[in-house]
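So the chains spell out like this:
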Number of protein chains: 2
Amino acid sequence: MKQKIKTTAVSGFPEYLPADQLLLDQLKQTIAETYRSFAFIPLDTPVLERREVLLAKAGGETEHQIYCLENNSDDLALRFDLTVPLARYISEYGGVLTFPFKRYQIAKVYRGERPQKGRYREFYQADIDIIGEGLLSLNAEAEIIKVIATVFEKLAIGPFTIKIGNRKLLSGLLASLNLSELAVEILRILDKLPKIGEHACREELEKLGLNSSAVKEILNFASLKENVLEKLELLNIKNPDFVVGLGELQELAQCLADYGVAAAHYSFDLSIARGLDYYTGTVWETFLDDYPELGSICSGGRYENLVTGFNDRAFPGVGASIGLSRLFYQLKTVGLLPDLPVAAADALIISADRQRGEELADSLRRQGLNVTGAYGPEKLKKKLTLANRLSVKTVYLLGEEELDADEVSIKDMVTGSQNRQALSDFI
Amino acid sequence: MKQKIKTTAVSGFPEYLPADQLLLDQLKQTIAETYRSFAFIPLDTPVLERREVLLAKAGGETEHQIYCLENNSDDLALRFDLTVPLARYISEYGGVLTFPFKRYQIAKVYRGERPQKGRYREFYQADIDIIGEGLLSLNAEAEIIKVIATVFEKLAIGPFTIKIGNRKLLSGLLASLNLSELAVEILRILDKLPKIGEHACREELEKLGLNSSAVKEILNFASLKENVLEKLELLNIKNPDFVVGLGELQELAQCLADYGVAAAHYSFDLSIARGLDYYTGTVWETFLDDYPELGSICSGGRYENLVTGFNDRAFPGVGASIGLSRLFYQLKTVGLLPDLPVAAADALIISADRQRGEELADSLRRQGLNVTGAYGPEKLKKKLTLANRLSVKTVYLLGEEELDADEVSIKDMVTGSQNRQALSDFI
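Cut-offs used in this document
- Residues numbered from 1 in each chain as written.
- Chains lettered and ligands numbered in written order.
- Predicted model: local features only at pLDDT ≥ 70, side-chain atom pairs only at ≥ 80, totals over all residues.
- Heavy atoms only, no water.
- Helix = DSSP H or I, 4+ residues; strand = E, 2+ residues; numbered from the N terminus.
- Buried < 20%, exposed > 50% of the residue type's maximum accessible area, 1.4 Å probe, protein only.
- Contact = heavy atoms within 4.5 Å.
- Areas by Shrake-Rupley, 256 points an atom, 1.4 Å probe, with all protein chains shown as cover.
- Pairing = 2+ DSSP bridges.
- Axes fitted to C-alpha atoms, helices over the stretch in contact; angles between N-to-C directions.
- pLDDT = per-residue confidence, 0-100.
- 1 Å grid on protein atoms, 1.4 Å probe; cavity = no way out; pocket = protein on both sides within 12 Å on 5 of 7 lines; lining within 4 Å.
- Points joined across faces, edges and corners; volume = space filled by probe spheres on them.
- Nonpolar A, V, L, I, M, F, W, Y, C, P; charged D, E, K, R; others polar.
- Least-squares fit on C-alpha atoms with pLDDT ≥ 70 in both.
- Polar contact = N/O pair within 3.5 Å; in protein donor to acceptor, adjacent residues only side chain to side chain.
- Salt bridge = Lys/Arg side-chain N within 4 Å of Asp/Glu carboxyl O.
- Phe/Tyr/Trp six-rings, centres within 6.5 Å; stacked < 30°, edge-to-face > 60°.

**Digging into the overall build of chain A**
Counting its secondary structure elements, chain A contains 14 helices and 15 strands. Relative to its 427 residues, chain A shows a buried fraction of 58%. Counting only contacts in chain A whose residues sit at least 6 apart along the sequence, the fraction spanning at least 24 positions is 66%. Of the accessible surface of chain A, which amounts to about 18,600 Å², a share of 49% is contributed by carbon and sulfur atoms.

**So, the sheet that holds strand S14 (residues 407-412) of chain A**
Strand pairing in a sheet relies on backbone hydrogen bonds. The paired strands run either parallel or antiparallel. All names here are of chain A. The five strands are arranged S12-S11-S13-S14-S15 in an open sheet whose pairing can be described as mixed. Only two strands of the sheet have a single neighbouring strand rather than two, namely strand S12 (371-374) and strand S15 (418-422). Taken pair by pair, the neighbouring strands of this sheet meet at an average axis angle of 25 degrees, ignoring direction. In this sheet, S14 lies alongside strand S13 (residues 394-398) in antiparallel orientation, the contact comprising four bridges.

**Topic: the sheet that holds strand S5 (residues 122-131) of chain A**
Residues and elements named next belong to chain A. Strand order in the open sheet formed by eight strands is S1-S4-S5-S10-S9-S8-S6-S7, with mixed pairing between adjacent strands. Both edges of this open sheet fall to strand S1 (41-42) and strand S7 (266-268), since each of them pairs with a single strand only. Here ten bridges tie strand S4 (residues 101-110) to S5, and the two strands are oriented antiparallel to one another. Bridging from a neighbouring strand, Phe-101 pairs with Ile-131 of S5. Helix H10 (residues 240-258) rests against strand S6 (160-166), S7 and strand S8 (282-288) of the sheet, and its axis sits at about 150 degrees to S6.

**Brief notes about the confidence of the model for chain A**
The predicted model of chain A averages 93 in pLDDT, with 98% of residues at 70 or higher. Confidence estimates for the predicted assembly give a pTM of 0.95 and an ipTM of 0.95.

**Quick notes on the pairing of S6 of chain A**
All names here are of chain A. The buried fraction of S6 amounts to six of the seven residues, a majority that puts the element mostly inside the structure. Note: S6 against S8, seven bridges, orientation antiparallel. In the strand pairing of S8, Ile-162 is matched with Thr-286. As paired elements, S6 and S7 share three bridges and run parallel to each other. Along S7, the bridge assignment pairs Ile-162 with Tyr-266.

**Quick notes on the environment of Glu-63 of chain B**
All names here are of chain B. Along the polypeptide, Glu-63 turns up in the loop between helix H2 (51-57) and strand S3 (76-78). For Glu-63, a relative accessible area of 40% corresponds to the partly exposed category. On a C-alpha basis, the gap between Glu-63 and Leu-423 in space is 63 Å, while along the polypeptide they are 360 residues apart. Once you skip the residues sitting within four places of it in the chain, Glu-63 turns out to touch Leu-55 and Ala-58.

**Quick word on empty space enclosed by the protein**
Taken as a whole and judged by the stated rule, the model has four cavities of 30 Å³ or more. In this model, the largest cavity occupies a volume close to 80 Å³. For the largest cavity, the full set of lining residues is Pro-14, Tyr-16, Gln-21, Leu-24, Lys-108, Glu-122, Phe-123, Tyr-124 and Ser-325 of chain A together with Asp-44 of chain B. Contributing elements (two or more residues each) for the lining of the largest cavity: helix H1 (18-37) and S5 of chain A. The element contributing the most residues to the lining of the largest cavity is S5 of chain A, with three residues. Partitioned by chemical class, the residues of the lining of the largest cavity number five nonpolar, two polar and three charged. Mapped by element, the contributors of at least two residues to the lining of the second largest cavity are helix H1 (18-37) and strand S5 (122-131) of chain B. The biggest single contributor to the lining of the second largest cavity is S5 of chain B, with three residues. In the lining of the second largest cavity, the residues fall into five nonpolar, two polar and three charged.

**Brief notes about the relation of the copies chain A and chain B**
Overlaying chain A on chain B yields an RMSD of 0.1 Å, the required transformation being a rotation through 180 degrees with an accompanying axial translation of 0.0 Å. Those values place the two copies in the arrangement expected of a two-fold rotation axis. Comparing interface residues between copies, 100% of those in chain A also sit at the interface in chain B, which points to an isologous, same-surface contact.

**A look at the side chain of Asn-139 of chain A**
In this structure, Asn-139 of chain A sits in helix H4 (residues 139-155). A polar side-chain atom of Asn-139 of chain A sits 3.0 Å from a polar atom in the side chain of Arg-354 of chain B. Apart from residues lying up to four places away in sequence, Asn-139 of chain A is in contact with Cys-255 and Tyr-259 of chain A together with Arg-354 and Tyr-375 of chain B.

**What to know about the interface of chain A and chain B**
Listed by partner, the interface residues are 83 residues for chain A and 83 residues for chain B. Across the contact surface, chain A and chain B share 16 salt bridges. There are 54 residue pairs in polar contact (both at pLDDT 80 or more) connecting chain A and chain B. For the side of chain A that touches chain B, the element with the most residues is H1 of chain A, which contributes eight residues.

**Quick notes on the pairing of S8 of chain A**
The element S8 of chain A is extensively covered by neighbouring structure, given that seven of its seven residues are classed as buried. Burial along S8 of chain A is two-sided: the face carrying Thr-282, Trp-284, Thr-286 and Leu-288 of chain A and the face carrying Val-283, Glu-285 and Phe-287 of chain A are both buried.

**Let's talk about the packing of aromatic side chains**
According to the stated counting rule, one finds 24 aromatic pairs over all chains in the structure shown. Their ring planes at 55 degrees and their centres at 5.7 Å tell us that Phe-152 of chain A and Phe-160 of chain A sit as a pair that is tilted. Taken together, a centroid distance of 4.7 Å and an interplanar angle of 55 degrees make the contact between Tyr-89 of chain B and Tyr-93 of chain B tilted. A residue pair is termed a helical-turn pair when its members lie 3 or 4 positions apart in one helix, as Tyr-89 of chain B and Tyr-93 of chain B do in helix H3 (residues 83-93) at four residues. Neither Tyr-89 of chain B nor Tyr-93 of chain B differs from the other in exposure class; each is buried. Three or more aromatic residues link up through ring pairs in this structure, and these residues are Tyr-89, Tyr-93, Phe-99, Phe-101 and Phe-315 of chain A.

What follows is the structure in structure tokens.
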């Protein structure tokens, strides 16, 4: 006997039943519409890239997580993020594009890692970047942060804070303490500060061989929370990187105010270091105020040159990325998604006459509603069950009686109320 | 010296510059919105499937075109269409889904074939299907055909005809001529009828060994164009398949009229046979009246059971597929896409004051416009060039003079006309 074929979902490759699918799609739409409203264009690069392109930019673990195709002469592999394809695109078409180049891409990426709860092998990222040619002002940071703040306002998942740091400040501070050589290790420890706390951080820093005055200065710096800009000036550090970084942070503060980003949505936090090496200036992470345990739900920052490794020209950029599939899983887990299901249809037409039914349906579709019809011989009760299962908001009934009177019964499926209206109001 | 990494697009994997990207995205949006307006939900299955799932349904050449991943324990491969993943999904979740199940999926599929003009290895399909449980009435055909007709009306690419046939009629006719065993070969020849003409078809049919009266009957049947339903009745064929097929076509004619599909958009054409074996009843192909040489731009039909090979239950369906990437290439080639480029931004704000500029931008965004700002020190002329390159429709100027007067200069970039308005009209 032929063995049965497995039709279950493959571990790490999420797929959803309609209710969740509609909800996820709504999140995607909200993010895309917000990106579009700031005039970012929807770039759509191939899912497959040459392996060498991916390897040129893959660091650390990622390199071993790349899915490669077998037996193909182009040596193709699946992208592991949306930044490397953007870098290749800019490197290839930089000569004919218009800068600043503002693009978004909401698409799937692939990592062959061991799947865990909320960590997938195929997952959506929702990226947004502004790329400059030669130069790119700090307005770009303000704009991207404003877009991100607008996205999370619209998603309505509770209060959030975009915590903003600057890598030049951190590296300048370390240079002024003659600790540049230990920068990578120190940043890695500071990244854990919110999780493990100051005491554990101090111990780890001391283990690195730092003297207690340096440890104190670093922890003091990373713990600055209120009036950060003034306190940074008072540190009076002369290191050139630090001075530039402080200037950038001051200018960014002004930009964010000018761009109208609500003060409640961001703060300066110098412990933010971001794991990715390619950020060179401003960096940020985003936290839900009531759910800090979820970790950052959107990270981003400034990179000096996007196309390093592909091209000798300078294309500085600012970008942010939302790990959409993971965020969806997290929001579902903590119960932050809307209580009411997204309707598969705004309206269901139940009609004894197919033609009149579709005329009504078309008039509602022209009003922008998503409308489905039930014209079969099934019982009314069965059709109303269908309406409930599709989370339909309004049912339009055209029974024999209504048709004879040229009327339609309109049933609000949320309140249960029902009224009659002349068909001519619609058709 | 390190060898330079190739950043060009890989052959067969299309990517676009912004102007084309925006246009393609607009086509995608129009199709998706139309599908949505009929209350189809946006299913989104993984790009990767188990190889055995794909092989269970891959026929002929397709089997050899499947891209497989190397070194992975799940034996994953890239989907070659969107129907097989739908079949797997229905087979797996059929017990908890609501039927009729109406879904669309606009997504990339993969075929490792030799790329040619307009034929890609990675390309978009825009699929729509209605799946029933046990039974599915001919309303499903009417609905899908109506959706497809609405899509092509909205795309505004000129007059089109959905040519509708029925496989039962064809196979019934062949059975009545004792030619069932040659059905596959005969259908393949008939499929070429519009391209090679009646004379060449006759020769090919005769080469198969058919006698001249059978050839005449088949060609007569396949050439029926006007009053097809009446002429079919006059043929007086008693084969049960034929009788059922004729009944279906008659009922479909009534359904299409009831659903309000414009008569100009479809015709009955019995030469339509569709290559894919899984269609069992109604079949159709769609042609642009002025560009028949493009071939069918949307095919579809009825299949008796979607999940054959996965499951023993019966899930009949009706579906259609638009080969979006290929269609986009074709429309571009024959010049059927809009003359005016899609705007990357509806409005560009040029302001000497960042804050007032963003206030104005936000007020326009709230009106649903896509708005970008230019607040840098660059000259006005350079910023207007940016507006042109982004195909911006309207530029809002807030120079020192305007700001002093609390006004804004509004420049229509299409007509070139300019006027001034109070800023308070917006903010």
